Amino acid sequence: MYDLEYNFYSIIVLWRVLNSASHSITIDGAAKISFSPLSLISLSPIMAAVAPKLMHAVQYNCYGGGASGLKHVEVPFPTPKKDEVVLKLEAASLNPSDWKIQKGILWPVFPGKLPHIPVNDVSGEVIEAGQGVKKFKEGEKVVALLNYFNGGGLAEYAVASERLTVARPPEVSAAEGAGLPIAGLTALQALTQAANIKLDGTGELKNILVTAASGGVGHYAVQLAKLGNNHVTATCGARNIDLVKSLGADEDAVIHCATGTPWSSFEPNLSAEGKVIDITIGPSALLTLVLNTLTFSKKQLVPLLMNPKAENLEYLVKLVKEGKLKTVIDSRHALANVEDAWGKSIDGHAIGKIIVEP
Ligand SMILES: NC(=O)c1ccc[n+]([C@@H]2O[C@H](COP(=O)([O-])OP(=O)(O)OC[C@H]3O[C@@H](n4cnc5c(N)ncnc54)[C@H](OP(=O)(O)O)[C@@H]3O)[C@@H](O)[C@H]2O)c1
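Computed from a prediction, not measured in an experiment: that's the story for all the values here.

Caption draft 1: Main features of the overall build of the protein. The secondary structure content of the protein amounts to 11 helices and 16 strands. Out of the 358 residues in the protein, the part that is buried amounts to 38%. When contacts within the protein are restricted to residue pairs at least 6 apart in sequence, long-range pairs at least 24 apart make up 67% of them.

This is the structure we're talking about:
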């Protein structure tokens, strides 16, 4: 920005030297110059060339406010650091963390600063690469998980770190790819890392229960668990807690994606060394974890926080390419109408992923 402004003033001063004058103006006190009305007209192409390029984005300026707290703005086009790429965005997907961060539940860690352009899961085309970027070049289609501090997904363009950007083959649409990062990685890691379940069918077959199975994380978890030929039970919404209670005591793993269901609802359904992988970590989950540890319980509650890993994201993109995993799209919304998408995510009953397209 400083360079742009500096160049802007330099060009104006230079222009004055080369032209005759009839009026005087001061620009931010930086340089007193003169100009004729005629020279101003001929200056406009140069001014346009050096003025910062703007793009449409949606941001919030303060915590709270839900969908009506979102503001449509014109902001400077993003510039990449050494290890970043600039993406022309084709699709972004919403996650509950987007509006939870807006509510301030992760204050003061996230967002990095206000105003904040939210949303981290995106698909797009690389239009510029920082000097140090090796994996990508202009024109490549990618899926990326944007930096949590800066967000940036509700915009026409965004910067993504090379480290959390993966190639998107033509078989995977922009919307299908954008659904994957947070929800897909959480589902994958809950199954493979926290519950030690193999997805290639080489492991011991397990009974797996997935709660909130129609949501973003849940619908990926059900499909991934099935890939390993496991026996999968899926429940949706609060009304199905009774169904959970009616299950036999033979669940090896519960991938718990719904808020508000206590450990005591699952504990009787677990096999002797069964685990509840809780992705909706709250105080009661942490208390259960402590109590289970202190009592040497073989049944465990394992809180899971998604770990951003490019190799996991590459694996998910590959599964979608091969037709082994689908992103169920709940709805598509234009960036101009993002408030509808935001409200739908806050309602908490989306089936699959909510997509926003610039
Ligand atoms: N730990 C992590 O790293 C991590 C990562 C991603 C997400 N999460 C958290 O995991 C949760 C699920 O995320 P998501 O992306 O799947 O959300 P989502 O797409 O909004 O899905 C919400 C799901 O919750 C169900 N639901 C809504 N109200 C419910 C209730 N009262 N009781 C039981 N189920 C209810 C919905 O089912 P119905 O429509 O049938 O009601 C729907 O299937 C969120 O709390 C999110 O913040 C954590």
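Caption draft 2: Spotlight on the nonpolar core. Grouped together as the largest cluster of nonpolar side chains are 80 residues, with contacts concentrated most on Leu87, Leu191, Ala221 and Ile255. Considering every element that reaches this core, the biggest residue donor is helix H5 (residues 181-194), with 7 residues. The residue makeup of this core includes at least three contributed by each of domain 2 (55-178 + 328-357) and domain 3 (183-303). In contact with leucine 191, not counting residues within four places along its chain, are Ile197, Leu199, Ala221, Leu224, Ala225 and Ile255.

Caption draft 3: Up close: the pairing of strand E6 (residues 121-129). Examined bridge by bridge, strand E5 (residues 84-93) and E6 share 8 bridges and lie antiparallel to one another. Bridge pairing in E6 places valine 85 opposite alanine 129. Examined bridge by bridge, E6 and strand E7 (residues 141-145) share 5 bridges and lie antiparallel to one another. Considered in E7, the bridge of valine 122 is made with alanine 144.

Caption draft 4: How the structure looks around the pairing of strand E16 (residues 353-357). With respect to burial, E16 is a largely interior element, 4 of its 5 residues being buried. Alignment of strand E15 (residues 329-334) against E16, held across 5 bridges, turns out to be parallel. Across the sheet, arginine 332 pairs through a bridge with isoleucine 355, a residue of E16.

Caption draft 5: Expanded view of the site of the ligand. Around the ligand, a shell composed of 29 residues is seen, among which Gly215, Gly216, Gly237, Ala258 and His349 lie nearest. At the level of secondary structure, the elements contributing two or more residues to the shell around the ligand comprise helix H3 (96-103), H5 and helix H6 (216-227). Two domains each provide a minimum of three residues to the shell around the ligand, namely domain 2 (55-178 + 328-357) and domain 3 (183-303).

Caption draft 6: Just unusual backbone geometry, in detail. The residue after tryptophan 107, namely proline 108, is reached through a cis peptide bond having omega 5 degrees. Within the secondary structure, proline 108 is located in the loop between H3 and E6. In this model, leucine 114 is joined to proline 115 through a cis peptide bond whose omega is -5 degrees. If you trace the backbone, proline 115 turns up in the loop between H3 and E6. Although it is not a glycine, valine 119 adopts a positive phi angle of roughly 90 degrees. The residue valine 119 is located in the loop between H3 and E6 in this model. On the basis of neighbour counts, which here come to 28 C-beta atoms within 10 Å, the residue valine 119 falls in the buried class. Not every positive phi belongs to a glycine, and phenylalanine 296 is a case in point at roughly 50 degrees. Here phenylalanine 296 shows up in the loop between helix H9 (283-294) and strand E14 (300-303).

Caption draft 7: Quick look at the packing of H5 against helix H10 (residues 310-321). Viewed as axis vectors pointing N to C, H5 and H10 meet at an angle of 100 degrees, and their least axial separation amounts to 10 Å. Judged by the inter-axis angle, H5 sits roughly perpendicular to H10. Residues Pro181, Gly184, Leu185, Leu188 and Gln189 of H5 form the contact with H10, whose participating residues are Asn312, Leu313 and Leu316. For the contact of H5 with H10, the per-class residue count stands at 5 nonpolar, 3 polar and no charged.

Caption draft 8: Summary view of the packing of H5 against H6. In contact at an axis separation of 8 Å, H5 and H6 are set at 45 degrees when each is read in the N-to-C sense. Accordingly, the angle class assigned to the pair H5 and H6 is oblique. In this structure, the crossing between H5 and H6 has a hand that is right-handed. For the pair H5 and H6, contact is made by Ala183, Gly184, Thr186, Ala187, Leu188, Ala190 and Leu191 and by Gly216, Val217, Tyr220, Ala221, Leu224 and Ala225, respectively.

Conventions we followed
- Residues numbered from 1 in each chain as written.
- Predicted model: local features only at pLDDT ≥ 70, side-chain atom pairs only at ≥ 80, totals over all residues.
- Helix = DSSP H or I, 4+ residues; strand = E, 2+ residues; numbered from the N terminus.
- Buried ≥ 20, exposed ≤ 12 C-beta atoms within 10 Å, placed from the backbone.
- Contact = placed C-beta atoms within 7 Å.
- Core = buried A, V, L, I, M, F, W, Y, C linked by C-beta atoms within 7 Å.
- Domains from an automatic or database assignment.
- Pairing = 2+ DSSP bridges.
- Near = placed C-beta within 6 Å.
- Axes fitted to C-alpha atoms, helices over the stretch in contact; angles between N-to-C directions.
- Parallel < 35°, antiparallel > 145°, perpendicular 65-115°, else oblique.
- Nonpolar A, V, L, I, M, F, W, Y, C, P; charged D, E, K, R; others polar.
- Left-handed = near helix turned anticlockwise from the far one by under 90°.

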